[in-house]
Amino acid sequence: MRWLCRMAAHGAAGFILLFLFNFLGGHFGLSIGLNPLNALIIGALGVPGFALLLILHLL
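A quick note: this is a predicted structure, and the numbers were derived from the prediction, not measured.

Caption draft 1: Representation of the overall build of the protein within the structure. Helix and strand content of the protein: three helices and zero strands. The order of helices and strands in the protein, counted from the N terminus, is α-α-α. Along the first, second and third principal axes, the C-alpha set of the protein runs to 40 × 20 × 15 Å. Carbon and sulfur atoms make up 79% of the accessible area of the protein, which totals about 4400 Å².

Caption draft 2: Representation of a nonpolar patch on the surface in the model. Judged by side-chain polarity, Phe15, Ile16, Leu17, Phe19, Leu20 and Leu34 come together as a nonpolar surface patch covering roughly 570 Å² of accessible area. Looking at the element boundaries, Phe15 is found in helix α1 (residues 2-25). For Phe15, a relative accessible area of 40% puts it in the partly exposed group.

Caption draft 3: Quick look at the confidence of the model for the protein. Here the protein averages 85 in pLDDT, and 100% of its residues register 70 or above. Mean pLDDT across the secondary structure elements of the protein bottoms out at helix α2 (residues 36-45), with 83, and peaks at helix α3 (residues 47-58), with 88.

Caption draft 4: Spotlight on α1. With 24 residues, α1 ought to run about 34 Å at 1.5 Å a step, and its terminal C-alpha atoms sit 34 Å apart, in line with that. The complete set of buried residues in α1 reads Gly11, Gly14, Leu18, Phe21, Asn22 and Gly25. At its buried positions, α1 is contacted by α2 and α3.

What counts, and where the lines are drawn
- Residues numbered from 1 in each chain as written.
- Predicted model: local features only at pLDDT ≥ 70, side-chain atom pairs only at ≥ 80, totals over all residues.
- Heavy atoms only, no water.
- Helix = DSSP H or I, 4+ residues; strand = E, 2+ residues; numbered from the N terminus.
- Areas by Shrake-Rupley, 256 points an atom, 1.4 Å probe, with all protein chains shown as cover.
- Patch = residues over 30% accessible without salt bridge, like charges linked within 9 Å, V, L, I, M, F, W, Y side chains within 5 Å.
- Salt bridge = Lys/Arg side-chain N within 4 Å of Asp/Glu carboxyl O.
- Buried < 20%, exposed > 50% of the residue type's maximum accessible area, 1.4 Å probe, protein only.
- pLDDT = per-residue confidence, 0-100.
- Expected span 1.5 Å × (residues − 1).
- Contact = heavy atoms within 4.5 Å.

Now the structure itself:
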């Protein structure tokens, strides 16, 4: 049960970070899809997860 709460909190943080990135990156033509899977990837992996999604988006 504890890991589920932790994953939900990290997913929410990832969602907020994706929202901020899309808001600021939109001025430069960069955006990553704002969906639960991407939020969980960023929440679970942190900065490497963000870099992974950004690289996959640019390819």
